[in-house]
Amino acid sequence: MNYWSARFPRLPRFESSHPLLLPSFLFKSKSNPNPNLSSTFMAAEAEDFDDGLCSTANDCPVAESPPSPSPSLPSPGRRMNGLSHGERAWAHWNSLGAPKFIVAPMVDNSELPFRMLCRKYGAHGAYTPMLHARIFSENEKYRSLEFTTCKEDRPLFVQFCANDPDILLEAARRVEPYCDYVDINLGCPQRIARRGNYGAFLMDNLPLVKSLVEKLAMNLHVPVSCKIRIFPSLQDTLSYAKMLEEAGCSLLAVHGRTRDQKDGKKFRADWDIIRNVREAVRIPVLANGNVRHVSDVYSCLEETGVEGVLSAESLLENPALFAGYSTAEWRSEANSLACELDQADLLVEYLKMCEKYPIPWRMVRSHVHKMLGDWFRMCPQLRQELNAQSKLTFEWLYDMVARLKEQGTKVQLFRNTSLDRVRPDGLVMCGTT
Ligand SMILES: Cc1cc2nc3c(=O)[nH]c(=O)nc-3n(C[C@H](O)[C@H](O)[C@H](O)COP(=O)(O)O)c2cc1C
């Protein structure tokens with residue numbers, strides 16, 4: 001096997017998901033000999049058709065045993081060469097081309113083929129799904145299936161959840177040769193994170209958060225980033241951000257919702273607090289929340305002053321969002337043009353990526369549901385047929401798309417022409433480089 005990867009089956013999805021795709025730990029119970037392991041993580045042992053790889057292709061050029069990083073590589077978390085932490089953080093960010101449009105971390109959904117599709121359509125950078133640091137350190141099968149990358153998959157943030165600095169460092173050391181930041185998930189608000197004591201529940205134990213960041217910042221050769229949620233109070237949020245910066249965090253992604261505001265549709269993200277964080281720290285800041293189409297991207301950049309934005313849920317439906325394409329729901333009447341590209345075309349491109357970069361079928365299935373949601377509303381029988389397939393194949397999926405198209409329905413994407421520019425490869429893109 002010439003790709004190095006990591007996998008943990010069935011981490012929970014963070015937000016809404018198709019009922020058939022709910023993690024199996026909700027349905028299966030196993031006695032748990034180790035009270036420190038959540039039931040989700042115990043479910044890693046369970047077998048399932050959809051956990052098999054979708055292809056045996058093997059051209060993802062990542063080494064089986066990660067090489068040790070060069071000892072001469074300085075860590076931006078440390079004070080070296082007379083530069084302050086903030087200056088080093090900025091130098092690193094700029095050396096990556098100061099990415100503005102970024103694919104947010106999504107369990108089971110921001111995997112390599114999806115990242116590569118989003119990159120083709122304008123994303124400048126991407127996060128992996130959250131990986132569980134302890135399982136990543138201990139379980140080769142998890143590593144080999146849950147995390148894959150390739151040399152074009154940069155800039156890349158590899159995200160871990162953890163609550164033990166030594167274990168986090170062990171996991172991070174395995175990925176640092178392949179990424180630009182090791183990210184700590186401090187934002188997951190789900191019950192599973194409460195039980196596992198990670199994500200947003202570490203907001204109750206800031207000394208532990210500090211020790212996680214410090215451990216990585218002092219020992220890694222790539223910088224540490226953190227993805228956080230806000231506290232209900234602005235002052236607490238600002239103190240939190242400053243503490244992270246002091247501890248050695250080199251990049252902060254701020255999801256402008258509190259731990260209790262789980263429903264992104266019900267609660268708007270607070271861009272004002274994000275702007276305050278941006279002004280309070282001397283490291284690059286990214287904003288997350290309320291980015292549904294490309295105009296939101298530009299409004300967010302302008303209103304918050306951040307370096308870049310993360311988008312999650314909207315990209316699942318429309319991976320071409322950053323290139324200026326919108327679904328019908330978000331088309332602007334004034335300046336948008338119906339274009340040839342539709343969601344089924346994007347799905348076909350995604351499936352081709354999956355053939356090239358194999359991932360578990362459950363991830364493919366999840367993307368099919370998200371990208372074809374509007375088509376399935378018009379052709380519910382096809383959704384039922386898909387759900388009835390306990391084992392998927394590419395042949396079946398390509399044929400399903402062909403059948404959708406034969407029915408004459410069209411779910412077009414729209415391009416915001418006010419922001420157009422044409423790339424050298426002919427693809428019409430939106431906005432700045
Ligand atoms: C399917 C799914 C999986 C997610 N998994 C993660 C994750 O692994 N790590 C994380 O920090 N946030 C995760 N999130 C949260 C997103 O990264 C993001 O913070 C949140 O969805 C708000 O952004 P949005 O409004 O653009 O969707 C996930 C969200 C979704 C929809």
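Residues numbered from 1 in each chain as written. Predicted model: local features only at pLDDT ≥ 70, side-chain atom pairs only at ≥ 80, totals over all residues.

Stated formally: UniProt positions are given in the numbering used here, feature names are shortened, and annotations may be inferred rather than shown by experiment.
Per an unreviewed UniProt entry, the recorded name for the protein chain is tRNA-dihydrouridine(16/17) synthase [NAD(P)(+)], and the organism is Aristolochia fimbriata. The record held by UniProt for the protein chain lists under Cofactor (unreviewed entry) the comment "FMN".

## Points about the overall build of the protein chain
As a reminder, the rule being used: Secondary structure elements follow DSSP: runs of H or I no shorter than four residues count as helices, runs of E no shorter than two count as strands, and numbering proceeds from the N terminus. Exposure in this text rests on C-beta crowding, where 20 or more other C-beta atoms within 10 Å of a residue's own make it buried, 12 or fewer make it exposed, and counts in between make it partly exposed. The C-beta atoms are placed from the backbone.
Helix and strand content of the protein chain: 17 helices and 14 strands. In the protein chain, buried positions account for 51% of the 433 residues.

## Notes on helix α14 (residues 361-371)
Side chains of residues three or four places apart in an α-helix project in the same direction, reflecting 3.6 residues per turn. Among the eleven residues that make up α14, ten are buried, leaving the element largely enclosed by the rest of the structure. For α14, the set of buried residues is Trp 361, Arg 362, Met 363, Val 364, Arg 365, Ser 366, His 367, Val 368, Lys 370 and Met 371.

## With respect to the nonpolar core
Definition in use: The nonpolar core is taken to be a set of buried Ala, Val, Leu, Ile, Met, Phe, Trp, Tyr and Cys residues joined by way of C-beta atoms within 7 Å. In this description, a residue-residue contact is defined by the distance between C-beta atoms placed from the backbone, which must lie within 7 Å.
Membership of the largest hydrophobic core comes to 118 residues, with the highest contact counts inside it found for Phe 160, Val 182, Val 213, Leu 252 and Val 309. Of the residues forming this core, the biggest block, six residues, is contributed by helix α13 (residues 343-356). Apart from the residues lying within four places of it in its own chain, the contact partners of Val 309 are Phe 101, Ile 102, Leu 286, Ala 287, Val 291, Val 297, Cys 300 and Leu 301.

## Observations regarding the pairing of strand β9 (residues 308-311)
This is how the line gets drawn: In this description, strands pair whenever DSSP reports at least two bridges between them. For crossovers, right-handed means that the path from the first strand over the helix to the second runs clockwise, given strands pointing away from the viewer.
Along β9, one buried face is formed by Gly 308 and Leu 310 and the opposite face, lined by Val 309 and Ser 311, is buried too. As defined by bridge partners, strand β1 (residues 101-103) adjoins β9 across three bridges and the pair is classed as parallel. Among the inter-strand pairings, Ile 102 is bridged to a residue of β9, identified as Leu 310. Relative to β9, strand β8 (residues 285-288) runs parallel, the two being bridged by three bridges. By the bridge assignment, Asn 288 is partnered in β9 with Leu 310. A crossover connection joins β8 to the parallel β9 through helix α11 (residues 294-304); in handedness this β-α-β unit is right-handed.

## Some points on the packing of helix α8 (residues 206-219) against helix α9 (residues 234-247)
Two numbers describe a pair of packed helices, the interaxial angle and the distance between the axes. The line we're drawing: Axis lines are fitted to C-alpha atoms, over the contacting stretch for helices. Their N-to-C directions set the angle, which ranges from 0 to 180 degrees. For classification purposes, angles smaller than 35 degrees are called roughly parallel, those larger than 145 roughly antiparallel, those between 65 and 115 roughly perpendicular, and all remaining angles oblique. Crossings are sorted by hand: turned counterclockwise from the far helix by less than a right angle, the near helix makes the crossing left-handed, and turned clockwise it makes it right-handed.
Put simply, α8 and α9 touch, their axes get as near as 8 Å, and they point 30° apart. Classified by the angle their axes make, α8 and α9 are roughly parallel. Where α8 crosses over α9, the two elements pack in a sense that is right-handed. Every residue of α9 that contacts α8 at Leu 206, Lys 210, Val 213, Glu 214 and Ala 217 is listed here: Met 243, Leu 244 and Ala 247.

## Focus: α8
Rule in force here: Every helix has an expected span of 1.5 Å times one less than the residues it contains.
Along its 14 residues, α8 runs 20 Å from first to last C-alpha, staying within 8% of the 20 Å computed at 1.5 Å per residue. Listing the buried residues of α8 in full gives Val 209, Leu 212, Val 213, Lys 215, Leu 216 and Ala 217. Tucked into the core, α8 has its buried residues touching α6 (165-175), β5 (181-186), β6 (224-229), α9 and β7 (249-255).

## What to know about unusual backbone geometry
Note that the residue after Arg 154, namely Pro 155, is joined by a cis bond; omega there is -10°. Looking at the secondary structure, you find Pro 155 in the loop between α5 (140-146) and β4 (156-161). At Ala 98, a residue that is not glycine, the phi angle is positive and equals roughly 45°. If you trace the backbone, Ala 98 turns up in the loop between α2 (85-95) and β1.

## Notes on the environment of Leu 310
Positionally, Leu 310 belongs in strand β9. With 205 residues separating them along the chain, Leu 310 and Pro 105 place their C-alpha atoms 8.7 Å apart. Apart from the residues within four sequence positions on either side, Leu 310 is in contact with Ile 102, Ala 104, Ala 253, Leu 286 and Asn 288.

## Description of the packing of helix α3 (residues 112-120) against α13
As a reminder, the rule being used: Gly falls in the polar group here, along with every residue not listed as nonpolar (Ala, Val, Leu, Ile, Met, Phe, Trp, Tyr, Cys, Pro) or charged (Asp, Glu, Lys, Arg).
Taken N-terminus to C-terminus, the directions of α3 and α13 make an angle of 130°; their axes are 9 Å apart at the nearest point. The angle between α3 and α13 falls in the class oblique. Relative to α13, α3 is oriented so that their crossing is right-handed. For the pair formed by α3 and α13, the contact residues are Pro 113, Phe 114, Met 116 and Leu 117 on the first element and Glu 349, Tyr 350, Met 353 and Cys 354 on the second. Here the residues of the contact of α3 with α13 are counted per class, giving seven nonpolar, no polar and one charged.

## What about the pairing of strand β12 (residues 412-416)?
In terms of burial, β12 is largely enclosed, as four of its five residues are buried. The pairing of strand β10 (residues 325-326) with β12 spans two bridges and is antiparallel. The residue bridging Tyr 325 from the neighbouring strand is Arg 415, located in β12.

## Structural notes on the environment of Trp 375
Position of Trp 375 relative to the elements: it lies in helix α15 (residues 373-378). Linking Trp 375 and Val 401, residues 26 residues apart in sequence, is a C-alpha distance of 9.8 Å. The residues touching Trp 375, leaving out its near neighbours within four places in the chain, are Gln 343, Ala 344, Leu 404, Thr 409 and Val 411.

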